[in-house]
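Chain by chain, the residues:
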Amino acid sequence: MKRIFLCAALAVAAFVQTDACTNLIVGKNASTDGSTIVSYSADSYGLFGELYHYPAATYAKGTMLDVYEWDTGKFLGQIEQARQTYNVIGNINEFQVTIAETTFGGRPELVDTLGIVDYGSLMYIGLQRARTAREAIRIMTDLVQQYGYCSGGESFTVADPNEIWIMEMIGKGPGVRGAVWVAVRIPDDCISAHANQARIHQFDMNDKENCMYSSDVISFAREKGYFTGVNKDFSFAAAYAPLDFGARRYCEARVWSYFNMFTDRGDDFLPYVLGETDEPMPLFLKPARKLSVQDVQQAMRDHYEGTPLDLSRDFGAGMYHTPYRLSPLSFQVDGEEYFHERPISTQQSAFVFVSQMRADRADAIGGVLWFGLDDANMTVFTPIYCCTDKVPYCYAPNGADYLTFSWDSSFWIFNWVANMVYPRYSLMIGDVREVQEELEKTFRDAQAGIELTAARLWEKDQQEAKAFLATYSNLTAQAAFDAWKRLGEFLIVKYNDGVVKRVKNGRFERNSIGQPAPVIRPGYPEEFLREYIHQTGDRYKVNE
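Peer 1: What's the story with the nonpolar core in this structure? I'm lost.
Peer 2: The tendency in soluble globular proteins is for nonpolar side chains to be buried as a group. Grouped together as the largest cluster of nonpolar side chains are 163 residues, with contacts concentrated most on Phe156, Phe234, Tyr240, Tyr258, Phe351, Trp484 and Leu491. Sequence-distant contacts of Tyr258, that is, excluding residues within four places in its chain, are made with Leu24, Ile25, Val26, Ile191, Ser192, Ala193, Leu291 and Ala299.

Peer 1: What is the right way to read the environment of Tyr395 from this model?
Peer 2: Relative to the assigned elements, Tyr395 resides in the loop between β21 (382-385) and α11 (410-421). Accessibility expressed as a relative area gives 2% for Tyr395, which makes it buried. Each C-alpha atom of the pair Tyr395 and Phe156 lies 24 Å from the other, and the pair is 239 residues apart in sequence. Non-local contacts of Tyr395, meaning those with residues more than four positions away in its chain, are made with Glu50, Leu51, Phe371, Leu373, Thr382, Ile384, Ser410 and Ala477.

Peer 1: Sorry if this is basic, but what is going on with the packing of helix α3 (residues 119-129) against helix α4 (residues 133-147) here?
Peer 2: Two measures define how a pair of helices packs: the angle their axes make with one another and the distance between the axes. Look at α3 against α4: their axes get within 9 Å of each other, and the N-to-C directions meet at 130°. It follows that α3 is oblique to α4 by the angle criterion. The crossing of α3 and α4 is right-handed. Packed against α3, whose contacting residues are Leu122, Met123, Ile125, Gly126 and Arg129, the element α4 presents Glu135, Ile139, Met140, Leu143 and Val144 at the interface. Along the lines of polarity and charge, the residues of the contact of α3 with α4 split into seven nonpolar, one polar and two charged.

Peer 1: For this particular structure, what's the right way to read the pairing of β21?
Peer 2: The side chains of a regular strand alternate between the sheet's two faces. Neither face of β21 is exposed, since Thr382 and Ile384 on one face and Pro383 and Tyr385 on the opposite face are all buried. Bridge count for strand β20 (residues 368-373) against β21 is four bridges, and the pairing is antiparallel. Within the sheet, the bridge partner assigned to Trp370 lies in β21 and is Pro383.

Thresholds applied
- Residues numbered from 1 in each chain as written.
- Predicted model: local features only at pLDDT ≥ 70, side-chain atom pairs only at ≥ 80, totals over all residues.
- Heavy atoms only, no water.
- Core = buried A, V, L, I, M, F, W, Y, C linked by side-chain atoms within 4.5 Å.
- Buried < 20%, exposed > 50% of the residue type's maximum accessible area, 1.4 Å probe, protein only.
- Contact = heavy atoms within 4.5 Å.
- Helix = DSSP H or I, 4+ residues; strand = E, 2+ residues; numbered from the N terminus.
- Axes fitted to C-alpha atoms, helices over the stretch in contact; angles between N-to-C directions.
- Parallel < 35°, antiparallel > 145°, perpendicular 65-115°, else oblique.
- Left-handed = near helix turned anticlockwise from the far one by under 90°.
- Nonpolar A, V, L, I, M, F, W, Y, C, P; charged D, E, K, R; others polar.
- Pairing = 2+ DSSP bridges.

And the structure:
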């Protein structure tokens, strides 16, 4: 199959509600190459996947910026535009600042419906205005103080090549400007994560270097009756996002899975996920080994495989062991409520990225957004350098949206392939993996050479170096798109009508006179057939 799908890649080597997202975090001394690493999946039914772009610009004093709610497209109002904005591609800007989020919601009475700035605008306005993570935090918190915050509770990851921060924020209620918030820096030798549940509990109010917070973060909780203890015992998460079943099993379980992969503490925290204890997991931990960008990409594809929460090994996985479950997460049978696990990788993702930020090289070269459309498990991460100033054609809408299919849209091509695979997952996923792994290996292996060329160009002409990296980013995106489209064509032929066509040396087999070779009839897995007979008894038994 490699001959079918890789030619383009080898040439290159020369309505929205994102409330089910995941962020994985790696400090610079916890990574294999000294980079800070942040991942994000934008998980929502209704969100169309595309690569956003905000070009650098200068504005006259007094220019106003229209603010639209990211979730709904609703016009919220106007704020004053900055005099200077920076290039933003996806969720990384030209100075390698990356911002991601997960929604924890928290106390619903604290949403300020009259606020002008929502959480999505905070991310993308912050990226357009900040040169460092600390500056982004200041800008974001100043914006909500001045204009009001109209979203529910949010956990933000705010990162640059030197620091990664988790900032958690929630409003103060209708018509009350500002927000209560706390930001904690993740130690350089640690990993962390958040996944739709507030994770900051106690924090050191005296450590000004590694902790920032609103002046009323505790007093406001006292005023509202959310907290009555002494300051040192105050927990932001407990006060503003009390733990319930969903927060524990749908959200904290994803953080547990990440810790389980890369630390030796997974068994310690499993009782918390299972509801046997309320002792929360630490905000951050030292990993058992250093992590690479590829490690984080693979972690974003997790479905709890090999753990007690494994989705692929119970009745719900079906005969082909699919690790996906249809929404909603909970359901009722005979008046009793039940649930599905909610892993890191989930089918409703619109886009996903792993951001790599490096302080040892020029920003244009050091910042790479490894980006993919659709579910991390079913996509290809392609390198988008932070200096990229043109969205790859296949990553742009080009007339497509969540309700409009297009053969030119990576979002739709990756969804097309994924939805062919889901029903016969174990039968077909090997074909997907072969192409996926070869493409990502190609891009990974090419990175050092591409960046060496860019560094040499940088010494002579920085604009030429940026143009080179932007062109490369566009070519890799298109290569992945072209390969995936061919993969879809291959899959529909190979698995058409429930049989399997024979493949040899990357080509469908034919007999000596050029006719298709006899097909393989895979039938059903034995374990399914046994259950089938158990359910139907002798109805289908052959009687001689």
